[in-house]
Amino acid sequence: MPAAAPPWLTLDHVWLPYTQMAQMATATLPLPVVGAQGARIELADGRTLIDGIASWWTACHGYKHPHIRAAVAAQLDQLPHVMFAGLAHEPGYTLAQRLARLLPGDLEHVFFSESGSVAVEIALKMAVQFWRSQGQDRHRFIAFRHGYHGDTLGALSVTDPATGFHDAFAAWRLPQLFAELPRSEAERAEFEQLLATQCTQVAAVIVEPLVQGAGGMRFFDADTLAFIRAACDRHDVLLILDEIMTGFGRTGRMFACQGDDGAGVVPDLICLSKALTGGTLPLAATVATARVFDAFRSAHAEDAFMHGPTFMANPLACAAANASLDLFEREPRLQQVAAIATQLAEELEPCRALPGVVDVRVKGAIGVVQLATTEASALRPAFVERGVWVRPFGDIVYLAPAFTMVRDDLAALTAAVVDVVSDWSRAHG
Ligand SMILES: *Cc1c(COP(=O)(O)O)cnc(C)c1O
């Protein structure tokens, strides 16, 4: 018997994300967490779990990193929050400068918000208004099959409906254009054709570079990304890269758009969030090139970008993000990602031979075992029983750990994956 749940853990008033709450037995209540340190989550009953997914891929330095804690504590003493219109604070302005320096090309105009979905909404609005400022009414976007860009209505409209996230809103969706990622010759010709016929109404193409995350951790190569950039240029359509998941080292480079070999592409707009604060506080940024930004500068007040979240550039979150960037500068994060990639590839490889395993793939600090089922989520309890926190969904079991994870902890995670997938394979494969 598990220890009794703490008294605050009832489902009388909390509405859970992505959860059918009618079916929740006591056994599947969310696990009560009392602390988290490094790679470990501490449960109320005294157990600890090794975290394989870094809280939706955010906690890239592990939990409670002392440098981020200290920065946020100091900021809390000095100025926890103040509005960002008419007033300015150092952590926000410094962070904008640092992001501009870090991002490739002339991505240098930073608009802050509080979540990834909102950063995408902002990018979509910027793209539409960019064209309007040149007298063009372009209100459509091209997005890709298996893409995911968030849960708010605009972001949802460019998310592949088939990922099953939002059937209820089908009638409310803004009609967008969906394409296959242009990998083969035929797909490239088709994508080119779509752009050629639609470019006068398409404001931008939006894509997650190199890794489609919530749509199933599907990888594609830098070549395909470069093709998308070149096609956008040929038809004078903007390119929005959603690096909310891939940004800050996850794929092995600071930003996935820098490519597998560093060749890379520069988008017109880029969206950042998730690991921006090292997984500590909500913050997002939409960053534009000079070309996009300049289209909003004119003699007319109505040409301004009319958007301004209440908690825009929250100083605590900006202090956390600045501290997280310090850690990327001071500590060998990208080498750690490379070492994790090597270990993931080696240790997940045995899954490939198991009946029912469709694919095993690794990019940076993301390791994926794809199964011949869409019910991989049923495997979640088996991971908790093995003392690890891994959350399979759709047809995949995946790991996306903190970059600071030590070898033995990662080995424990991959061993759990091999174990659980082997058991599943024997029963179902
Ligand atoms: C998580 C995610 C989002 C949405 O971010 P939220 O902060 O959850 O709104 C958008 N795009 C991608 C690629 C993501 O991984």
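Residues numbered from 1 in each chain as written. Predicted model: local features only at pLDDT ≥ 70, side-chain atom pairs only at ≥ 80, totals over all residues. Heavy atoms only, no water.

**Re the packing of aromatic side chains**
Tallied over the full model, the rule gives 13 aromatic pairs. Between the aromatic rings of Y18 and W56, the centroid separation amounts to 6.3 Å while the plane-to-plane angle is 85°, which identifies the pairing as edge-to-face. Of this pair, Y18 sits in the segment before β1 (33-37) while W56 is found in helix α1 (residues 54-57), placing the two residues 38 residues apart along the sequence. A relative accessible area of 46% means that W56 is categorised as partly exposed. Through a chain of ring-to-ring contacts, three or more aromatic side chains come together here, namely F248, F255, F328 and F403. Taking NZ or CZ as reference, R138 lies 3.5 Å from the ring centre of W131, over its face. Over the ring of F219 we find R361, and its NZ or CZ is 5.6 Å from the ring centre. (Phe/Tyr/Trp six-rings, centres within 6.5 Å; stacked < 30°, edge-to-face > 60°. Helix = DSSP H or I, 4+ residues; strand = E, 2+ residues; numbered from the N terminus. Buried < 20%, exposed > 50% of the residue type's maximum accessible area, 1.4 Å probe, protein only. Lys NZ or Arg CZ within 6 Å of the ring centre and 35° of its normal.)

**Here we look at the site of the ligand**
Close to the ligand lie W57, S115, G116, S117, Y148, H149, G150, E208, D242, I244, M245 and K274, which account for all nearby residues. In this structure, an oxygen atom belonging to the ligand sits 2.8 Å away from a main-chain N or O atom of G116. Coverage of the ligand by the protein amounts to 83% of the 380 Å² it exposes when considered alone. Looking at the shell around the ligand residue by residue, the classes come out as four nonpolar, five polar and three charged. (Near = heavy atom within 4 Å. Polar contact = N/O pair within 3.5 Å; in protein donor to acceptor, adjacent residues only side chain to side chain. Areas by Shrake-Rupley, 256 points an atom, 1.4 Å probe, with all protein chains shown as cover. Nonpolar A, V, L, I, M, F, W, Y, C, P; charged D, E, K, R; others polar.)

**Let's talk about the pattern of salt bridges**
Counted by the stated rule, this structure contains 19 salt bridges. In this structure, the salt-bridge partner of E192 is R234, at a minimum N-O distance of 2.8 Å. Residue E192 is located in helix α6 (residues 185-198), and its partner R234 is located in helix α7 (residues 222-234); the two are separated by 42 residues in the primary sequence. Judged by relative accessible area, R234 falls into the partly exposed class, the value being 48%. Of the charged contacts in the structure, one is a salt bridge between R291 and D236, with a shortest N-O distance of 3.1 Å. You can see R291 sitting in helix α8 (residues 290-294) and its partner D236 sitting in the loop between α7 and β10 (238-242), a full 55 residues away along the chain. R291 sits in the partly exposed class, given a relative accessible area of 40%. (Salt bridge = Lys/Arg side-chain N within 4 Å of Asp/Glu carboxyl O.)

**Topic: the side chain of T251**
In this structure, T251 sits in the loop between β10 and β11 (269-272). What makes T251 buried here is its relative accessible area of 11%. The contact partners of T251, leaving out residues within four places of it in the chain, are V211, T246, A256, K363 and G364. (Contact = heavy atoms within 4.5 Å.)

**So, the sheet that holds strand β7 (residues 202-207)**
Taken in spatial order, the seven strands make up an open sheet running β4-β12-β11-β10-β7-β5-β6, and their pairing is mixed. Looking at which strands have only one partner, the edges of the open sheet turn out to be β4 (107-113) and β6 (177-179). Across the sheet, the axes of successive neighbouring strands diverge by a mean angle of 20°, strand direction being ignored. Sheet topology note: the β11/strand β12 (residues 284-289) ladder contains four bridges and is antiparallel. Paired with L269 across the two strands is A288, which belongs to β12. In the packing of α7 onto the sheet, contacts are made with β5 (140-144), β7 and β10, and the angle to β10 comes to roughly 150°. (Pairing = 2+ DSSP bridges. Axes fitted to C-alpha atoms, helices over the stretch in contact; angles between N-to-C directions.)

**A word on helix α4 (residues 116-132)**
A rise of 1.5 Å per residue sets the reference length of α4, with its 17 residues, at 24 Å; its end C-alpha atoms lie 25 Å apart and thus fit the reference within 8%. When you tally the buried positions in α4, you get 14 out of 17 residues, the bulk of the element. (Expected span 1.5 Å × (residues − 1).)

**Focus on the environment of L269**
On the secondary structure map, L269 appears in strand β11. Through-space distance from the C-alpha of L269 to that of Q20 is 36 Å; in sequence the pair is 249 residues apart.

**A word on the sheet that holds strand β2 (residues 40-43)**
An order of β1-β2-β3-β15 is seen for the four strands of this open sheet, with the pairing classed as mixed. Here the strands that pair on one side only, and so sit at the sheet edges, are β1 and β15 (388-389). Alignment of strand β3 (residues 48-51) against β15, held across two bridges, turns out to be parallel. In the strand pairing of β15, I50 is matched with V388. On top of the sheet, helix α12 (residues 407-428) reaches β2, β3 and β15; it is set at about 90° to β3, its chief contact.

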